[in-house]
Amino acid sequence: MTKTQQGFSNIRMRRLRQTGYIREMVSEYKLDASDLIWPLFVLEGANQQEDVASMPGVQRTSIDLLIEKAKMARDFGIPAIALFPVIDPKKKCEKGSEALNADNLMCRAIEAVKANVPDIAIVADVALDPYTSHGHDGIIKDGVVLNDETVEILRQQALVQAQAGADIIAPSDMMDGRIAAIRATLDENKQQDTIIMSYAAKYASAFYGPFRDAVGTASALKTDKKTYQMNPANKAESMREVALDVAEGADMLMVKPGIPYLDIVANVKEEFGLPTFAYHVSGEYAMLKAAAQNGWIDYDGCMMETLLGFKRAGCDGILTYAALEAAKILKSA
Ligand code: PBG
């Protein structure tokens, strides 16, 4: 080996970084609009639009405006949107019964988007928190979130959403056994082709704060979700959680939140090989926006670099509030 000086070989890593076209030739990962899933908040009414204060650039919109957003997403090559309903507090109760109403806001939103924008996938969140008066994802007795009783409700919630036309059912509740129960209920009711994207490793995270503002559960929630969502200190446990969901019939897996959990994403993709997604959650989005609003970071640069990081970690796709912004940048590049 020729040594130009002590400890310096003739290998020069910078050779492959000289020009844009060479860098492009040797680039390993690429972000594409087809990697993006756009979460959207839906409201009652017509022509309604409200800003979410803690999520600059994000609005809650009524179904008519939601349809316009779905069309935009499709036109920019985004394959899926994830819907989250903002339920009227008058319709909330201890048991979250409104979740099972086949004519609720969520089901009407699914039907309307499917009727008007048939060529985009709808990801429907399954959990009770938008519907319960206490803001928890399940039903509560003596301060305890009950597992099996909640699963009985979730399987019905999944079915009404699938019957409304959701392509993908995404249980975000973290109850044990819910994937098997939902799969069985869908299959028994001729919904065997409905896809399940499991929030397989979902951590009890402080980064969900702005989302809870957006759907209006923040003020109701008096206790944390640590008895069902995972402890951020745990890694081996995530493999057990995910293995169960795979065994129970999940088609796709999700890790949540995103950036602080990319080690989990990499492990999940490598170990299970299923289509693997991560949720770049509300607090992560809010941090980028806040720093950019202060002039401290370049938003587009930091946002695109963040999304590329998800791909490098092994993600097949990313749920992000920045999906449309990213798709626009990709199209203009
Ligand atoms: C609730 C749910 C949450 C999110 C998605 N589904 C919040 C929670 O678990 O309290 C968070 C998404 C985000 O922060 O962007 N089942």
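For the structure, see preceding data.
1. Quick word on the overall build of the chain
Argument step 1. Of regular secondary structure, the chain possesses eleven helices and twelve strands.
Argument step 2. For 333 residues, the compact-globule formula gives about 20 Å, and the C-alpha radius of gyration of the chain, at 21 Å, lands near that figure.
Argument step 3. Seen through its principal axes, the chain has C-alpha atoms that stretch 75 × 45 × 40 Å.
Argument step 4. Split into buried and exposed, the 333 residues of the chain put 52% on the buried side.
Argument step 5. Element-wise, carbon and sulfur atoms account for 52% of the exposed surface of the chain, whose accessible area totals about 15,300 Å².
Argument step 6. Charge centroids of the chain, computed over 36 positive and 45 negative side chains, lie 7 Å from each other.

2. Some thoughts on the side chain of K256
Argument step 1. Inspection of the secondary structure puts K256 in strand β10 (residues 252–256).
Argument step 2. Although K256 is buried, it forms no salt bridge, and the closest oppositely charged side chain is D125 at an N-O distance of 5.8 Å.
Argument step 3. Non-local contacts of K256, meaning those with residues more than four positions away in its chain, are made with Y199, A201, K202, Y203, Y208, Y279 and V281.

3. Notes on unusual backbone geometry
Argument step 1. Looking along the chain, the bond that leaves K256 and enters P257 is cis, with omega of -10 degrees.
Argument step 2. Turning to its location among the elements, P257 is positioned in the loop between β10 and α8 (262–272).
Argument step 3. A positive phi is found at N47, a non-glycine position, where the angle reads about 55 degrees.
Argument step 4. Note that N47 resides in the loop between β1 (36–43) and β2 (49–51).
Argument step 5. Judged by its relative accessible area of 58%, N47 falls in the exposed class.
Argument step 6. Positioned with a positive phi, D142 is a non-glycine residue whose angle comes to about 50 degrees.
Argument step 7. Locating D142 in the fold gives a position in the loop between β6 (140–141) and β7 (144–145).

4. Let's talk about the environment of N47
Argument step 1. Taking the C-alpha atoms as reference points, N47 and D64, separated by 17 residues in sequence, lie 6.5 Å from one another.
Argument step 2. Discounting residues that sit within four places of it in the chain, N47 has contacts with S62, D64 and L65.

5. Overview of the packing of helix α9 (residues 282–293) against helix α10 (residues 299–313)
Argument step 1. In contact at an axis separation of 9 Å, α9 and α10 are set at 155 degrees when each is read in the N-to-C sense. It follows from the interaxial angle that α9 and α10 lie roughly antiparallel. Considering only the axes of α9 and α10, their crossing is right-handed. Counted together, E284, Y285, L288, K289 and A292 of α9 and Y299, C302, M303, T306 and F310 of α10 form the full contact between these two elements.
Argument step 2. Its residues assigned to classes, the contact of α9 with α10 shows seven nonpolar, one polar and two charged.

6. Thoughts on the state of the cysteines
Among covalent bonds in proteins, the disulfide is the one between the sulfur atoms of two cysteines.
Argument step 1. Summed over all chains, the structure comprises zero disulfides.
Argument step 2. Free cysteine: C93, not disulfide-bonded; nearest cysteine sulfur from C107 at 16 Å.
Argument step 3. You can call C107 buried: its relative accessible area is 0%.

Reading the values: the criteria
- Residues numbered from 1 in each chain as written.
- Predicted model: local features only at pLDDT ≥ 70, side-chain atom pairs only at ≥ 80, totals over all residues.
- Heavy atoms only, no water.
- Helix = DSSP H or I, 4+ residues; strand = E, 2+ residues; numbered from the N terminus.
- Rg over C-alpha atoms; globule rule 2.2 N^0.38 Å.
- Buried < 20%, exposed > 50% of the residue type's maximum accessible area, 1.4 Å probe, protein only.
- Areas by Shrake-Rupley, 256 points an atom, 1.4 Å probe, with all protein chains shown as cover.
- Lys, Arg positive; Asp, Glu negative; His and termini not counted.
- Charge placed at Lys NZ, Arg CZ, Asp CG, Glu CD.
- Salt bridge = Lys/Arg side-chain N within 4 Å of Asp/Glu carboxyl O.
- Contact = heavy atoms within 4.5 Å.
- Axes fitted to C-alpha atoms, helices over the stretch in contact; angles between N-to-C directions.
- Parallel < 35°, antiparallel > 145°, perpendicular 65-115°, else oblique.
- Left-handed = near helix turned anticlockwise from the far one by under 90°.
- Nonpolar A, V, L, I, M, F, W, Y, C, P; charged D, E, K, R; others polar.
- Disulfide = S-S within 2.5 Å.

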